[in-house]
Amino acid sequence: MVGKSAEQVKAEGAEPSIVPAKVFRGNRPTTSILAQKITPASLGSLITYYEWVTFVEGAIWNINSFDQEGVQLGKVLAKGGFHALMTHLTNP
C-alpha cells in the first residue's frame, strides 16, 4: 500500500485540523479478510487464524505468547467482570 504525505492530504482538500490523522507511511503489511457472510464457522475461522498467527510469531521471537503478564491481567479482569455480571443477573 502506498502511503500519503501531508501535502497529498492537503491537496485532497482535507481540513488542516485533520491532516495529521490522515497521513500514513506506506509499505506496511496489512491483512484484508473478506467473507460473504458472517457465520459461526467464518467467525471461528477468523479467531483461529489470529490465534495461530499469535502462536507462530511468539515461536519465531522465542516468547510464550499465551503466558504474558498482560494476558494474565486480562484473565483476572474478565473473571471479575463475569462474576459481577452473574451477580447482577441472579440478583437484579
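The coordinates are above.
Keep in mind that this is a model prediction, so the values were computed, not measured.

Colleague: What's the story with the overall build of the protein chain in this structure? I'm lost.
Modeller: Each helix and strand in the protein chain was counted, giving 4 helices and 0 strands. Over its C-alpha atoms the protein chain spans a radius of gyration of 21 Å, topping by over 25% the 12 Å that the globule rule assigns to 92 residues. Reported as C-alpha extents along the three principal axes, the dimensions of the protein chain are approximately 55 × 40 × 35 Å. Per-residue burial for the protein chain yields a buried fraction of 8% across its 92 residues. In the protein chain, the share of contacts with a sequence separation of at least 24, taken over all contacts with a separation of at least 6, comes to 9%. Summed over its atoms, the accessible surface of the protein chain is roughly 8200 Å², and 63% of this surface lies on carbon and sulfur atoms. In the protein chain, 8 positive and 7 negative side-chain charges are present, and the distance between their average locations comes to 5 Å.

Colleague: Looking at this model, I keep getting lost on the packing of aromatic side chains. Mind explaining?
Modeller: One pair of aromatic rings is described through two measures. These are the centre distance and the angle between the planes. Applying the stated criterion to the full structure yields 1 aromatic pair. Seen in terms of ring centroids, Tyr49 and Tyr50 are 5.0 Å apart; in terms of plane orientation they differ by 75°. Their pairing is edge-to-face. Since its relative accessible area comes to 35%, Tyr49 is described here as partly exposed. Residue Tyr50 is classed as partly exposed on the basis of its relative accessible area, which comes to 41%.

Scoring rules and cut-offs
- Residues numbered from 1 in each chain as written.
- Predicted model: local features only at pLDDT ≥ 70, side-chain atom pairs only at ≥ 80, totals over all residues.
- Heavy atoms only, no water.
- Helix = DSSP H or I, 4+ residues; strand = E, 2+ residues; numbered from the N terminus.
- Rg over C-alpha atoms; globule rule 2.2 N^0.38 Å.
- Buried < 20%, exposed > 50% of the residue type's maximum accessible area, 1.4 Å probe, protein only.
- Contact = heavy atoms within 4.5 Å.
- Areas by Shrake-Rupley, 256 points an atom, 1.4 Å probe, with all protein chains shown as cover.
- Lys, Arg positive; Asp, Glu negative; His and termini not counted.
- Charge placed at Lys NZ, Arg CZ, Asp CG, Glu CD.
- Phe/Tyr/Trp six-rings, centres within 6.5 Å; stacked < 30°, edge-to-face > 60°.

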